[in-house]
Every structure is written in C-alpha cells, then in structure tokens.
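So the chains spell out like this:
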Amino acid sequence: MQSNDARILRGAAIVAAPVGIVATVVSALVAGGKGLIGGAVALAVVAVFFGLGSWAVMRLTQDRPQAAMMAGLLVYTVQILVIGVFIVVFSGTTLFSPRAFGISLLVTALSWVGGQVKQTLTSRMLYVDPKPSVPAKRDADLVKTEPGDGV
C-alpha cells in the first residue's frame, strides 16, 4: 500500500467514524434499542464494505495505476450492489429498526465517500513516476575531454 493510499483510507475513516457514531446515537434516541442496533449494524457495514473496497482498489492499482478508474468504478458498483442486497435481505427483520439502519447507512456511506474525495483533492500525489526510465550514467562512464581536443 502506498503512503498516499493509506492517507486516503485513513482520511475517509476519520470523517465517517464520527458521523456513524452520531447517527447511531440519534437512532438510539429516536427508535430505542432497536435503533441503536440498526445504527451500529449500519456503521459496521459501511466500515467493512467501504474499507475492503478501498483496500481492493489500492491492491488492484498497485502495479497498474492506469487501471485506477476502471477498478474504482468496478469496486464502487459491487459495493452498492452488495449493500443493496444486504438492505433487501434484512428489510423485514425484527432484530433492528430498518429505518434507523437505512438512514444511518446512508449518512455514514456518504460521509465516507466525502472523506475520500476531500482527502484525494487535498493530498499531494505524484502524477508521474519518479523512477527514471533510463538509468543515469555514472561519472566513470562519461568520456573526459581536455580543452583543445577538438571535441
């Protein structure tokens, strides 16, 4: 994992964690114990799915930075589909409040994406490979010429 990738992941988590905690507390105040469980499950779902998704993008683009856009769109699409399946499967549950879960999931996921965007826009990332494509010549390899050699 490159240092700028770790910063982006950390920045997204730093923004999303407090929002998810506040959403969980508000869910608990509004819907009671079931709201607390719904908010906590939503926070866990966002942390796991978006954390693993960010890790997958970093892993996929580690050796192929030119595939970053394709990998990002693919991972984001899969995340949204899996979260949609999760919502459909647990829509009729009595374990937690589906409304508290849905609202907490939405605000936490949006804050995660917002944190990623903010961190990406404010980080200083190299857009060129700092490694030279041609190795530099050593001083011993250079031909030394004397003044007046006609060169």
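Whatever comes next refers back to the structure up there.
This text gives an overview of the structure that appears in the document. (Residues numbered from 1 in each chain as written. Predicted model: local features only at pLDDT ≥ 70, side-chain atom pairs only at ≥ 80, totals over all residues. Heavy atoms only, no water.)

This next bit is on the overall build of the chain. Across its full length, the chain carries 4 helices and 0 strands. N-terminal to C-terminal, the α/β element order of the chain is α-α-α-α. For the chain, the residues scored as buried account for 27% of the 151 residues in total. Look at the contacts in the chain between residues 6 or more apart in sequence, and 72% of them connect residues 24 or more apart. Accessible surface, the chain as shown: approximately 10,500 Å² in total, 69% of it carbon and sulfur. (Helix = DSSP H or I, 4+ residues; strand = E, 2+ residues; numbered from the N terminus. Buried < 20%, exposed > 50% of the residue type's maximum accessible area, 1.4 Å probe, protein only. Contact = heavy atoms within 4.5 Å. Areas by Shrake-Rupley, 256 points an atom, 1.4 Å probe, with all protein chains shown as cover.)

Another aspect to go through is helix H4 (residues 98-122). In a regular helix each residue adds 1.5 Å, so 25 residues correspond to 36 Å; H4 covers 36 Å between its end C-alpha atoms and thus fits that length. Among all positions in H4, only Ala-100, Phe-101, Ser-104, Leu-105, Thr-108, Ala-109, Ser-111, Trp-112, Gly-115 and Gln-119 are buried. (Expected span 1.5 Å × (residues − 1).)

Another point: the side chain of Gln-79. Among the secondary structure elements, Gln-79 is positioned in helix H3 (residues 68-89). Setting aside residues no more than four positions away along its own chain, Gln-79 makes contact with Phe-49, Phe-50, Gly-53 and Ser-54.

A general tendency of soluble globular proteins is for nonpolar side chains to be buried together. Grouped together as the largest cluster of nonpolar side chains are 12 residues: Ala-12, Ala-16, Ala-42, Val-45, Val-46, Phe-50, Ile-83, Phe-96, Phe-101, Leu-105, Ala-109 and Trp-112. Leave out the neighbours within four places in its chain, and Phe-101 touches Gly-38, Val-41, Ala-42, Val-45, Phe-86, Ile-87 and Phe-96. (Core = buried A, V, L, I, M, F, W, Y, C linked by side-chain atoms within 4.5 Å.)

Glancing now at helix H2 (residues 33-60). Relative to the 40 Å expected for 28 residues at 1.5 Å per residue, H2 spans 40 Å between its end C-alpha atoms, a close match to the ideal helical length. Inspection of H2 places Gly-35, Gly-38, Gly-39, Ala-42, Val-45, Val-46, Phe-50, Gly-51, Gly-53, Ser-54 and Met-58 among the buried residues, and these make up the whole buried set.

Positionally, Gly-53 belongs in helix H2. Along the primary structure Gly-53 and Val-75 are separated by 22 residues, whereas in three dimensions their C-alpha atoms are 5.9 Å apart. With near-sequence residues (within four places) excluded, Gly-53 lies in contact with Val-75 and Gln-79.

A word on the packing of aromatic side chains. Under the defined criterion, the tally for this structure stands at 5 aromatic pairs. When the ring of Phe-50 is compared with that of Trp-112, the centres are 6.3 Å apart and the planes differ by 50°; the resulting orientation is tilted. Of the two residues, Phe-50 is situated in helix H2 and Trp-112 in helix H4; the sequence distance between them amounts to 62 residues. On the basis of an interplanar angle of 40° and a centroid distance of 6.2 Å, the ring pair of Phe-90 and Phe-96 is categorised as tilted. (Phe/Tyr/Trp six-rings, centres within 6.5 Å; stacked < 30°, edge-to-face > 60°.)

Turning our eyes to something else, we now look at the environment of Leu-121. Positionally, Leu-121 belongs in helix H4. For the pair Leu-121 and Ile-8, spaced 113 residues apart in sequence, the C-alpha separation works out to 9.7 Å.

Turning our attention to the packing of H3 against H4. Relative orientation and spacing of two packed helices are given, respectively, by the angle between their axes and the distance between those axes. The contact between H3 and H4 brings their axes to 12 Å, and the two run at 170°. Classed by the angle they form, the pair H3 and H4 counts as roughly antiparallel. Every residue of H4 that contacts H3 at Tyr-76, Ile-83, Phe-86 and Ile-87 is listed here: Phe-101, Leu-105 and Val-113. Residue classes in the contact of H3 with H4 are distributed as 7 nonpolar, no polar and no charged. (Axes fitted to C-alpha atoms, helices over the stretch in contact; angles between N-to-C directions. Parallel < 35°, antiparallel > 145°, perpendicular 65-115°, else oblique. Nonpolar A, V, L, I, M, F, W, Y, C, P; charged D, E, K, R; others polar.)

All right, on to the side chain of Thr-61 then. Residue position: Thr-61 is located in the loop between H2 and H3. Accessibility expressed as a relative area gives 14% for Thr-61, which makes it buried. The contacts of Thr-61, once residues within four sequence positions are left out, are Ala-67, Ala-68 and Ala-71.

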